[in-house]
Amino acid sequence: MTTISKIRNIAIIAHVDHGKTTLVDGMLKQSGIFRENQVVQERVMDSNDLEKERGITILAKNTSVRYQGYKINIVDTPGHSDFGGEVERVLKMVDGVLLLVDAAEGPMPQTRFVLRKALELNLVPVVVVNKIDRPDARINEVVDEVYELFFELGANDEQLEFPVVYAVARQGVATMDPDEPGQNLKPLFETIISHCPAPQGDPAAPLQLLVNNTEYDPYIGRIAIGRVWQGSIAGGQTVAVIDHEGNIKNFRVGRIYVFEGLERLEVPRASCGEIVVVSGLEDIKIGETIADKDLPVALPAITVDEPTLEMT
Ligand code: GDP
């Protein structure tokens, strides 16, 4: 189990083609390699093969990467406002966001909505200016444009002090100084760890887990995805599910999974701060709270999409 202080939960906000897939792929490839005495895993083929096999972009699901004992959960964010409710739900699982911006194109209007939501939710932003290798890159101007955008969207003083990481995601490198080319993505990992806050919460308190998303998995049936806000949840445990009307019913959860790289890893128990997948709750709905059966307390509701949008 990863202790709460060693977890970071982030989302990436990026306009299409600004390099989100490439960056996450690079982070996955370099995941774990900055740890002493650890065998470097060749993940290049893994992720590409998986991607091909499933015919999806790796970001269709949540991923996690490891850096020096830290676990960074990266949740996927829909790119624009057509998924308003979903954007909000996803952002409510994280504490920080990476705003990824192409060094030539600059911030694009389609990401304004998502960024605005992130700032409203008080998330801590890190700006990544990607593709600084482009001959037409306008690095300083783009940083100014991002600053301007934050200002327009009502960012608070702390948010306006966002760190800027400069990247060439395609080469798997990042740097804090655009004149000094990077060697790897270490500066990006370091910035996420030092700048984005660790989750808060008491692992010994009664369980509270907010269901941010539900999916159907052909192997394990209906699954709920959400963040444990308090306490911990174990496979096979009896929990209370609190619905939108405040009705409480007891259920037995099936298995608990966390995100490990591109995979879901079954764990006996997951503690607060973690983003988990819970199986076995066949009627679970978005926005419901999974709580301690003896002390069931609901978490604040979250926006639920219209049925039509939920199909997309
Ligand atoms: P996404 O739509 O945001 O996921 O973008 P992708 O990761 O698919 O990247 C879009 C295109 O930009 C691809 O052709 C990438 O190879 C290219 N790309 C990504 N990172 C860089 C970079 O750092 N420099 C350059 N020049 N191209 C990049």
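Residues numbered from 1 in each chain as written. Predicted model: local features only at pLDDT ≥ 70, side-chain atom pairs only at ≥ 80, totals over all residues. Heavy atoms only, no water.

Participant: Before we move on, can you summarise the overall build of the chain with the specific residues and values?
Facilitator: Along the chain, the regular secondary structure elements total 8 helices and 17 strands. Counting over 312 residues, the chain shows a buried share of 51%. Residue pairs at least 24 apart in sequence account for 72% of intrachain contacts in the chain once pairs closer than 6 positions are excluded. Accessible area for the chain stands at about 14500 Å²; split by element, carbon and sulfur atoms hold 49% of it. (Helix = DSSP H or I, 4+ residues; strand = E, 2+ residues; numbered from the N terminus. Buried < 20%, exposed > 50% of the residue type's maximum accessible area, 1.4 Å probe, protein only. Contact = heavy atoms within 4.5 Å. Areas by Shrake-Rupley, 256 points an atom, 1.4 Å probe, with all protein chains shown as cover.)

Participant: I'd love a proper account of the sheet that holds strand β6 (residues 164-168), names of residues and values included.
Facilitator: Overall, mixed pairing links the 7 strands, which are arranged β2-β3-β1-β4-β5-β6-β7 in an open sheet. Edge strands, defined here as strands with exactly one partner in the open sheet, are β2 (63-67) and β7 (173-175). Looking at each pair of strands side by side, their axes are set apart by 30 degrees on average, direction ignored. Running over the sheet, helix α1 (residues 20-30) touches β1 (7-14), β2, β3 (70-75) and β4 (96-102) and is turned about 45 degrees from β2. (Pairing = 2+ DSSP bridges. Axes fitted to C-alpha atoms, helices over the stretch in contact; angles between N-to-C directions.)

Participant: Outline unusual backbone geometry, listing residues and values.
Facilitator: For Gln-68, which is not glycine, the phi torsion reads 45 degrees and is therefore positive. Mapped onto the secondary structure, Gln-68 falls in the loop between β2 and β3. Assessed through its relative accessible area of 37%, Gln-68 is described here as partly exposed. Its identity as a non-glycine residue notwithstanding, Lys-131 has a phi of 65 degrees, on the positive side. Assignment of secondary structure puts Lys-131 in the loop between β5 (124-130) and α5 (139-152). Take Lys-131: its relative accessible area is 21%, and that puts it in the partly exposed class.

Participant: Run through the environment of Leu-91, naming residues and quoting values.
Facilitator: Along the chain, Leu-91 falls in helix α3 (residues 84-91). Given the relative accessible area of 1%, Leu-91 is considered buried. Discounting residues that sit within four places of it in the chain, Leu-91 has contacts with Ala-11, Thr-77, Val-97, Val-114, Lys-117, Ala-118, Leu-121 and Leu-123.

Participant: So what's going on with the pattern of salt bridges? Which residues, and what values?
Facilitator: One pass over the full model with this rule turns up 17 salt bridges. As a salt-bridge pair, Lys-293 and Asp-294 come within 3.4 Å of each other at their nearest N and O atoms. Three or more residues joined by partner-sharing salt bridges are found here, namely Glu-88, Lys-92, Lys-117 and Glu-120. (Salt bridge = Lys/Arg side-chain N within 4 Å of Asp/Glu carboxyl O.)

Participant: Quick one: what's the story with the site of the ligand, residue by residue and with numbers?
Facilitator: Surveying the vicinity of the ligand reveals 15 residues, the closest of which are Asp-17, Lys-20, Thr-21, Thr-22 and Asp-133. Within the side chain of Lys-131, an N or O atom sits 3.0 Å from an oxygen atom of the ligand. For the ligand, a nitrogen atom lies 3.3 Å from a polar atom in the side chain of Arg-170. Burial of the ligand by the protein chains amounts to 76% of its free accessible area of 590 Å². (Near = heavy atom within 4 Å. Polar contact = N/O pair within 3.5 Å; in protein donor to acceptor, adjacent residues only side chain to side chain.)

Participant: Explain the packing of aromatic side chains to me, and be specific about the residues and the numbers.
Facilitator: What the rule picks out here adds up to 3 aromatic pairs. Ring plane angle 50 degrees and centroid distance 6.2 Å describe the contact between Tyr-147 and Phe-162, whose orientation is recorded as tilted. Pair noted here: Tyr-147 is in helix α5 and Phe-162 is in the loop between α6 (157-160) and β6, with a separation of 15 residues, a long-range link. Where Phe-150 meets Phe-162, the ring centres are 4.6 Å apart and the plane angle is 45 degrees; that geometry is what we call tilted. (Phe/Tyr/Trp six-rings, centres within 6.5 Å; stacked < 30°, edge-to-face > 60°.)

Participant: Hey, could you go over the pairing of β2 for me, with residue numbers and the actual values?
Facilitator: For β2, the buried fraction is high: 4 of the 5 residues fall into the buried class. When β2 meets β3, the two strands line up antiparallel, connected through 5 bridges. Among the inter-strand pairings, Tyr-67 is bridged to a residue of β3, identified as Tyr-70. Hairpin remark: β2 followed by β3, antiparallel, with 2 residues in the connecting loop; positive phi at Gln-68, about 45 degrees.

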